[in-house]
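Structural description and commentary
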Amino acid sequence: MAKAGLMILTQPLSHLKSFIPKLIEEAAVVVSDTLYVCLQPGQVAPDSKKLPIPFVQPILSTKEVRNFTTELYSSGSKICHNLDVRVLLSHICPQPGAYSHKPYNLKNEISVLLSDSEKLNDLWKVERLTVVDSLKASFTNVYQNIDSHLIKIDQIEKTAIQDSEVLKTYPNVIIGGTFDRLHVGHKLLLTDSSLRANHKLTVGITDGKMNEKKSLWEVMQEYRIREENVVNFVKEVKPSIIIEPARIEDPFGPTITDPDFQAIVVSQETLRGGNMVNEERKKRGYPVLDVAVIDLVGDSCRSPDEEEKVSSSSFRKRLLGTLIHPITMWPNVPRSPYRIGVTGGIASGKSNVCKELGKLGARVIDCDLLGHKAYLKGTPAFHEIVKEFGQEVVGEDGEINRKKLGPIVFSDKTKLEKLNNIVWPAIRQLAENEISQCQKDGVSVVVLEAAILLEAKWENMVHEVWSAFVPRSEAVKRIMERNKLSEADAEQRIDSQISNQARISQSNVVFCSLWEYEVTRRQVEKAWNLLQSRLTAPTTSTSAL
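All figures in this text were calculated on a predicted structure; none of them were measured in a lab. (Residues numbered from 1 in each chain as written. Predicted model: local features only at pLDDT ≥ 70, side-chain atom pairs only at ≥ 80, totals over all residues. Heavy atoms only, no water.)

Okay, the packing of helix H3 (residues 63-79) against helix H5 (residues 184-196) next. Where H3 meets H5, the closest approach of the two axes is 10 Å, and the angle between their N-to-C directions is 165°. Looking at the two axes, H3 sits roughly antiparallel to H5. For the pair H3 and H5, the sense of crossing is right-handed. Residues Arg66, Thr69, Thr70, Tyr73, Ser74 and Ser77 of H3 touch H5, and the partners they reach there are Val184, Lys187, Leu188, Thr191, Asp192, Leu195 and Arg196. Its residues placed into classes, the contact of H3 with H5 shows 4 nonpolar, 5 polar and 4 charged. (Axes fitted to C-alpha atoms, helices over the stretch in contact; angles between N-to-C directions. Helix = DSSP H or I, 4+ residues; strand = E, 2+ residues; numbered from the N terminus. Parallel < 35°, antiparallel > 145°, perpendicular 65-115°, else oblique. Left-handed = near helix turned anticlockwise from the far one by under 90°. Contact = heavy atoms within 4.5 Å. Nonpolar A, V, L, I, M, F, W, Y, C, P; charged D, E, K, R; others polar.)

Here you go:
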């Protein structure tokens with residue numbers, strides 16, 4: 001069961017900095033979902049006579065606070081990848097005397113309280129219910145029967161020198177990014193920007209052509225989800241400011257249409273883009289923005305073929321071979337053998353995926369070969385094709401000449417649809433016959449290799465849909481080389497199929513064969529091992545299979 005926790009840290013941050021890994025490790029033992037961190041250095045627990053009062057007191061927004069927060073997020077990503085760390089920011093301000101208390105509206109119910117304060121721990125033992133009431137004055141959604149854990153921190157004689165320089169803040173701050181699958185790099189960017197914004201934070205979120213420049217953009221979360229994740233994060237950690245998302249489809253977004261921004265926060269990687277923004281603002285007579293640069297975060301989990309920094313593209317690469325969409329169990333599909341439908345566009349690498357699955361123990365049924373059988377002279381499909389397209393598509397051997405038929409149907413979508421309506425039902429029946437034989441042979445997993453699986457609506461004859469894809473430009477290149485076609489003809493072949501995005505949106509597992517063969521093989525092995533886990537694990541719902 002998922003548990004959310006609240007960690008209140010009261011000791012000097014310079015003292016706590018070396019203990020950050022310990023803080024994260026101890027939190028991970030009792031918290032499995034979200035860890036909210038409230039920094040209260042120098043604050044002491046009130047006595048029972050003063051309760052209930054808000055626990056959250058304002059602290060000065062300094063570089064030390066920002067650096068500690070950065071270290072906390074970075075350590076959290078290295079030590080416990082499943083723990084969603086969120087540092088609360090509204091009470092961190094450049095003028096604590098002007099702070100107006102407002103409870104943090106937390107989305108997850110707090111069931112665990114963690115603290116480094118002996119005094120708070122002692123007070124909890126005596127006045128637990130009263131302390132809970134005080135917590136509720138500062139944080140919404142606190143569980144009445146919340147547990148408490150003391151994190152013991154060793155005392156040292158001296159603390160490190162504190163960096164008490166106050167962070168410069170601005171009424172309106174803007175940032176930009178893809179924000180795909182919100183990770184620690186995004187959290188640091190949003191946190192630094194939120195600390196600098198004292199009125200409004202505008203977050204530009206890329207879409208359209210801007211995303212197509214990114215690696216594996218085809219498996220990127222849709223805009224709605226990315227926007228929702230950004231808004232929810234900022235609203236939780238700093239509800240005292242306005243969060244305004246903006247869809248951006250060019251390198252500048254609202255930075256060159258709105259003169260009222262004062263600062264932009266960028267990473268080292270996007271500093272050049274921030275400078276370009278200021279050049280454009282100068283041309284329009286707008287004030288130049290202050291540019292704040294944050295450090296990139298190293299990825300401790302990266303494989304040799306991934307980026308050194310924490311990046312969304314690495315996260316997307318790790319999705320390959322995993323279950324990305326829930327499984328729908330069709331009532332008409334027998335449980336055994338378990339059916340995997342493998343599909344993909346032309347030159348996508350689906351045959352290599354099937355070849356590897358065959359090595360791992362699956363029985364592969366090639367629907368392209370079955371398609372040849374469906375065309376054979378004397379079959380019902382043969383007679384319908386001749387009736388529809390004429391005797392000229394029959395070769396000298398009396399069989400359908402697919403080289404003559406191809407140009408006719410690929411140049412006319414109506415004719416292609418007529419051919420599909422003839423051939424696809426015939427192939428499906430042949431496939432079902434093959435699967436029935438696999439059942440008699442005691443085969444446990446059958447792979448149906450079918451380029452047109454989704455177009456033909458065959459997803460309701462398999463348990464899972466697995467898809468292979470490559471970027472459009474790579475597919476065009478492969479078709480030209482393999483089929484000796486012109487670029488225009490290669491693009492025509494691709495355009496006759498559904499898009500990568502449409503195929504991925506209907507798939508449970510996806511692979512990308514863009515890189516060397518060994519990378520594809522590892523993706524398939526990962527998918528196979530996860531499939532075996534699903535097949536052997538007890539399930540209570542079809543979506544969890």
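A few words on helix H14 (residues 472-483). Relative to the 16 Å expected for 12 residues at 1.5 Å per residue, H14 spans 16 Å between its end C-alpha atoms, a close match to the ideal helical length. Within H14, burial applies to Glu474, Ala475, Val476 and Ile479. Residues of H14 that are buried sit in contact with helix H15 (487-495). Looking at the residues trailing H14, positive phi occurs at Lys484, about 55°. (Expected span 1.5 Å × (residues − 1). Buried < 20%, exposed > 50% of the residue type's maximum accessible area, 1.4 Å probe, protein only.)

All told, the structure shown has 2 aromatic pairs when counted by the stated rule. Consider the rings of Tyr104 and Phe139, whose centres lie 6.1 Å apart with planes at 15°: the pair is stacked. Separated by 35 residues along the polypeptide, Tyr104 in the loop between strand S5 (92-93) and strand S6 (110-115) and Phe139 in the loop between helix H4 (118-138) and strand S7 (142-150) bring together distant segments of the chain. Stacked on the ring of Tyr223, the Lys or Arg Arg247 has its end atom at 3.9 Å from the ring centre. Positioned above the aromatic ring of Trp515, the side-chain terminus of Lys317 is 4.0 Å from the ring centre. (Phe/Tyr/Trp six-rings, centres within 6.5 Å; stacked < 30°, edge-to-face > 60°. Lys NZ or Arg CZ within 6 Å of the ring centre and 35° of its normal.)

Right, let's talk about the pattern of salt bridges for a bit. Taken as a whole and judged by the stated rule, the model has 29 salt bridges. With a closest N to O distance of 3.7 Å, Asp207 and Arg226 form a salt bridge. Highlighted residues: Asp207 in the loop between strand S9 (197-206) and helix H6 (223-237) and Arg226 in helix H6, separated in sequence by 19 residues. (Salt bridge = Lys/Arg side-chain N within 4 Å of Asp/Glu carboxyl O.)

It is worth spelling out the pairing of S7 at this point. Bridge analysis of S6 against S7 gives 5 bridges, and the strand direction is parallel. Looking at the pairing, Val112 lines up with Asp147 of S7. Following the backbone out of S6, through H4 and into the adjacent parallel S7, one traces a crossover that is right-handed. (Pairing = 2+ DSSP bridges. Right-handed = clockwise from strand over helix to strand, strands pointing away.)

Let's shift gears to the sheet that holds strand S8 (residues 170-177). Spatially, S10-S9-S8-S11-S12 is the arrangement adopted by the 5 strands of the open sheet, whose pairing is parallel. The open sheet has two free edges, formed respectively by strand S10 (242-248) and strand S12 (290-294), since each of these has just one partner strand. Across this sheet, the average inter-strand angle for adjacent strands is 25°, counted without regard to direction. In this structure, S9 lies alongside S10, joined through 7 bridges in parallel fashion. Bridging across to S10, Gly204 finds its partner in Ala246. Docked against the sheet, H6 engages S9 and S10, running at close to 160° with respect to S9. Strands strand S11 (263-267) and S12 of the sheet are contacted by helix H7 (residues 271-283), whose axis makes an angle of about 155° with S11.

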